Amino acid sequence: MNISQQRDASRPRARGTERSLARRAELIAIGRRLFADTSYDALSMDDIARQAHVAKGLIYYYFQSKRGYYLAIIRDSVADLVSFAASGMELPQVDRVHRTIDGYLRFAEHHQAAYRTIVSGGVGFDTEVHAIRDGVREAIVATIAEGAYGRSDIPALPRMSLLSWVCSVEGATLDWIDRPELSRETMRDLLVKTLGGALRAVEELDAAFPAPKPARRDP
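Residues numbered from 1 in each chain as written. Predicted model: local features only at pLDDT ≥ 70, side-chain atom pairs only at ≥ 80, totals over all residues. Heavy atoms only, no water.

**Some details on the overall build of the protein chain**
Within the protein chain, the regular secondary structure consists of 10 helices and 0 strands. Listing every helix and strand of the protein chain by position from the N terminus yields α-α-α-α-α-α-α-α-α-α. Counting only residues that meet the buried cut, the protein chain has 46% of its 219 residues in that class. Within the protein chain, contacts between residues at least 6 apart in sequence are counted, and of these 65% link residues at least 24 apart. When the accessible area of the protein chain is evaluated, it comes to approximately 11400 Å², of which 54% is carbon and sulfur surface. (Helix = DSSP H or I, 4+ residues; strand = E, 2+ residues; numbered from the N terminus. Buried < 20%, exposed > 50% of the residue type's maximum accessible area, 1.4 Å probe, protein only. Contact = heavy atoms within 4.5 Å. Areas by Shrake-Rupley, 256 points an atom, 1.4 Å probe, with all protein chains shown as cover.)

The following block contains the structure:
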């Protein structure tokens, strides 16, 4: 199940009137602002209701629990990130890669608490958060593969190389939002360079997947 499907599946079908869906979307938008820089444990349901200027029962009505509310917020935020990464097909390869990585860093920068939750996998082994994280990884891998090779259904070797790069990006991004000593532009350019190294490594091991021209070193 991909990120969009997870978000759709979490919507209440019995309450799926246009008005209720709009109200639910409004609550998620409020939650995205509240949790942008605040961890899950730092806000109680009373705090959320007070800051959102709504009755606590309304949040329970749409999301059943604080955890359900938080997961809905994360799914919605991540769906926007994934949609952004997958767009821009009309752009040249280099511009699209820069745009995708810049959007990823912007998301981490402006949704730090949610980003930490996604990358760390939640509290303990949270299967739902792990599924969200895995969905983001696969979406980024597919986006990069489409730009580099013109296809997203790549075999094990290039997929593992790109997945390894994405996992390294997660670790580097976590450190960056904790210690933002580099500008976002410098961080983006660094990650683009390391992606070029991953693509060249694939070509060295399998000539059927040559690194795209922008990733090649000048002779």
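**Regarding helix H5 (residues 66–86)**
Helical geometry: 3.6 residues make up each α-helical turn, so side chains three or four residues apart lie on a common side. If you check H5, its first and last C-alpha atoms are 30 Å apart, about what 21 residues at 1.5 Å a residue would give, namely 30 Å. Taking burial as the measure, the 21 residues of H5 include 15 buried ones, the bulk of the element. Backbone geometry just downstream of H5 places glycine 88 in the positive-phi region, at approximately 75°. (Expected span 1.5 Å × (residues − 1).)

**Some points on the nonpolar core**
With 62 residues, the main nonpolar core has Tyr69 and Trp165 as its most contacted residues. Tyrosine 69 has contacts with Leu27, Ile28, Ile30, Gly31, Phe35, Ile48, Ile59 and Phe63, leaving out every residue within four places of it along the chain. (Core = buried A, V, L, I, M, F, W, Y, C linked by side-chain atoms within 4.5 Å.)

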